[in-house]
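Below, each chain spelled out in residue letters.
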Amino acid sequence: MKIQKKLKLFGYNWKVKFVKDLEGGDFTWKTKTIRVSRKYGEQESIFLHELMEAVLCELQFRFYGQEKSMEYVFHFDHTGFVKFHRMLFQALKD
C-alpha cells in the first residue's frame, strides 16, 4: 500500500508525517496530523491503525476502559460499522 502524505478526513485536509523518533504512531486533531514511526518496517500497518482510530474517535465509538487507563473500548452497532466503513473508504479513496 502506498501511503499518501495528504488525505481528506471528515472534510478536512490531514497530513501524514513519517517521524524518526517516535514509537509506533499517533494522531492529533488540532493539527490534523497522523504521525508514523520510521523506526519499524510496518509503516502501512501503523498508518492504518492510526487512521482507523481517528475515524472511530470522531464517530465517538472509542471510550476509556473501566480503569480509565490507556486501554480503550470500542463500541458500535452495525449501523455504526457502516458509518465507519464509509469514512475509512472515503479517506483511502481520496
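Residue numbers here run from 1 along each chain, matching the order of that chain's written sequence. Under the rules for a predicted model, residues below a pLDDT of 70 receive no local features and side-chain atom pairs below 80 are neither given nor counted, while totals for whole chains, interfaces and linings still include all residues. The basis for every side-chain value is the complete set of non-hydrogen atoms in the structure, without hydrogens or water.

*Asks:* Looking at this model, I keep getting lost on the pattern of salt bridges. Mind explaining?
*Replies:* Side chains that carry opposite charge are capable of pairing whenever their charged atoms lie near each other. Just to be clear on terms, a salt bridge is a Lys or Arg side-chain nitrogen sitting within 4 Å of an Asp or Glu carboxyl oxygen. With the rule as written, the count across this model stands at 3 salt bridges. Note that K39 and E23 form a salt bridge whose closest N and O atoms lie 2.7 Å from each other. A residue pair is termed long-range when its members are at least 10 positions apart, and K39 in the loop between β4 (33–37) and α1 (43–58) and E23 in the loop between β2 (12–19) and β3 (25–28) qualify at 16 residues. The partner of D26 in a salt bridge is R35, with the nearest N and O atoms 2.7 Å apart. Accessible area is worked out with a 1.4 Å probe on protein chains only. A residue is then buried under 20% of its type maximum, exposed over 50%, and partly exposed in between. For D26, a relative accessible area of 22% puts it in the partly exposed group. Residue classification places R35 among the partly exposed residues on the basis of a relative accessible area of 30%. For helices the rule is a DSSP run of H or I covering at least 4 residues; for strands it is a run of E covering at least 2, with both sets numbered from the N terminus onward.

*Asks:* Any chance you could explain the environment of Q90 here in plain terms?
*Replies:* You can see Q90 is positioned in helix α2 (residues 78–93). The exposure class assigned to Q90 is partly exposed, which follows from its relative accessible area of 36%. C-alpha of Q90 to C-alpha of V19: the two residues are 71 residues apart in sequence and 25 Å apart in space.

*Asks:* Would you mind going over the environment of K8 with me for this structure?
*Replies:* For K8, the location among the structural elements is in strand β1 (residues 6–9). C-alpha of K8 to C-alpha of L92: the two residues are 84 residues apart in sequence and 8.5 Å apart in space. Apart from the residues lying within four places of it in its own chain, the contact partners of K8 are N13, A91 and D94. Any two residues whose heavy atoms approach within 4.5 Å at even a single point are treated as in contact.

*Asks:* Any chance you could explain the packing of aromatic side chains here in plain terms?
*Replies:* What characterises a pair of aromatic rings is the spacing of the ring centres plus the angle enclosed by the ring planes. Pairing of aromatic rings covers Phe, Tyr and Trp, the last through its six-membered ring, and needs centres within 6.5 Å; plane angles under 30 degrees mean stacked, over 60 mean edge-to-face, and all others mean tilted. For the structure shown, the criterion picks out 5 aromatic pairs. Between F10 and W29 the ring centres are 5.3 Å apart and the planes differ by 35°, which places this aromatic pair in the tilted class. In this pair, F10 sits in the loop between β1 and β2 while W29 sits in the loop between β3 and β4, placing the two residues 19 residues apart along the sequence. Using a relative accessible area of 27% as the deciding quantity, one classes W29 as partly exposed. Arranged with centres 6.4 Å apart and planes meeting at 35°, the rings of F76 and F84 form a pair that is tilted. These aromatic residues form a ring-pair network of at least three members: F61, F76, F81 and F84.

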